[in-house]
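For reference, the chains in residue letters:
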Amino acid sequence: MRIAIDAMGGDLGPRATVRGAASAALQDSRLALRLYGPRRQLEQEISCLPRRLAAAGSRLEVVDAAGIIAPGQRPSDALRHGGHSSMAAMLEAVAAGEAAAGVSAGNTGALMALGRRALGTVADIPRPAISTAIPTRDQGRCYLLDLGANVEASAERLVDFALMGDLMARHVDGLAAPRVALLNVGVEGTKGTASVREADARLRALAGLDYRGYVEGDGIFSGDVDVVVCDGFVGNAVLKASEGVARMLVARVQATFEAHWSSRLVGVLARPALRRLRGELDPVRYNGASLLGLAGIVVKSHGSADAIGFHYAVQRAVQEVRHDLPRCLAAGLVPRRSAKGRSETVERHVSDSGFLAPGRPGDDDSQQEQR
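Residues numbered from 1 in each chain as written. Predicted model: local features only at pLDDT ≥ 70, side-chain atom pairs only at ≥ 80, totals over all residues. Heavy atoms only, no water.

Some remarks on the pairing of strand β6 (residues 129-136)
And then number 1: With seven of its eight residues buried, β6 lies for the most part within the structure.
And then number 2: One ladder, built from six bridges, connects β6 with strand β7 (residues 140-145); its direction is antiparallel. Residue pairing in the sheet places Ala 133 in a bridge with Tyr 143 of β7.
And then number 3: Hairpin geometry of β6 and β7 is characterised by an intervening segment of three residues between the two adjacent antiparallel strands and by a positive phi of about 60° at Asp 138. (Buried < 20%, exposed > 50% of the residue type's maximum accessible area, 1.4 Å probe, protein only. Helix = DSSP H or I, 4+ residues; strand = E, 2+ residues; numbered from the N terminus. Pairing = 2+ DSSP bridges.)

This is the structure in structure tokens:
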């Protein structure tokens, strides 16, 4: 299995992506990784791999791509001028079938815009969504979407997100009937924006979906639902806040045990339990957000992810490849969206496989949050 890597994305530069890719290659002997970026710089990073990762160097292929998408670059500008970038080259490899999936820690908006142009979308989905898993009670997890691709979302889009989240939980996690909910400011039917209330009515009318109604922010982590749907502005704020709270809790617990000699003794005894807690709450473990709705597998790593975090993002891509997620989405979405009897006009043609043809260079609006 070959995974294409945009090695120049991310806040920490290519060192984190190269070492994360090498770590993933060592863990899975069937994995081959193709790194896109300035050849000389990437080859230097490979030659400087730590001894524990050096054995993976022979399985890291470098493809020269001199252009780089800047963190603050607008999606429209990336569409016009980013054709020779490492990100665009990675996506073209996925589109051409040279790689089974692509991973980038770069500019989220540019990644979504270039991804739509290179790959197209599945089942008439006009706007893909970003989704990731977050930890819940009893060592479970819940998929949250959208996380920034659509700052505002109509009722139609929220229903699309619910259907995609349901299908991902079914095929990736093996859940027979994922529990789906809409994030809202209360559970009462009169609360929320007009688009949320309309989406609620539409979801209640859908057959074959275990829709549980509204859930408030604290319900995301309760373990009572498997998929939580919201617009990208709310979703991104929830994700960043939960990551910050998790880091604070781990730091506070550690500081408490180190505050006094007696608590240090207790801390030594509790070290195995604390190590497990840190592992369960560490946001790095859940790094890797899926760009759901693209007609190809693209995973967005957190921009600030270190090598360990990038390793998890590559693992997420491998998991989606093994479940053939885009094909599952296409097969599941086509009949469900047709059954809704939509009157929405689609500007681009759909092939018989359920995949929407790649878009034109200027057809992406610039809603994406740049992470």
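A look at the sheet that holds strand β9 (residues 210-215)
And then number 1: Here eleven strands make up an open sheet; going across it, the order is β3-β2-β1-β4-β12-β11-β6-β7-β10-β8-β9 and the pairing mixed. If you trace the sheet from one side to the other, it starts and ends with β3 (60-64) and β9, each paired once. For this sheet the average axis-to-axis angle between neighbouring strands, irrespective of direction, equals 25°.
And then number 2: Where strand β8 (residues 179-183) meets β9, four bridges bridge the pair, whose relative direction is parallel. Each bridged residue has a counterpart across the sheet, and for Leu 183 the counterpart in β9 is Val 215. (Axes fitted to C-alpha atoms, helices over the stretch in contact; angles between N-to-C directions.)

Some remarks on the environment of Leu 35
And then number 1: Along the chain, Leu 35 falls in strand β2 (residues 32-37).
And then number 2: Placed 29 residues apart in sequence, Leu 35 and Asp 6 show a C-alpha to C-alpha distance of 6.2 Å.
And then number 3: Leu 35 has contacts with Ile 5, Ala 7, Val 18, Ala 21, Leu 42, Ile 46, Leu 60, Glu 61, Val 62 and Val 63, leaving out every residue within four places of it along the chain. (Contact = heavy atoms within 4.5 Å.)

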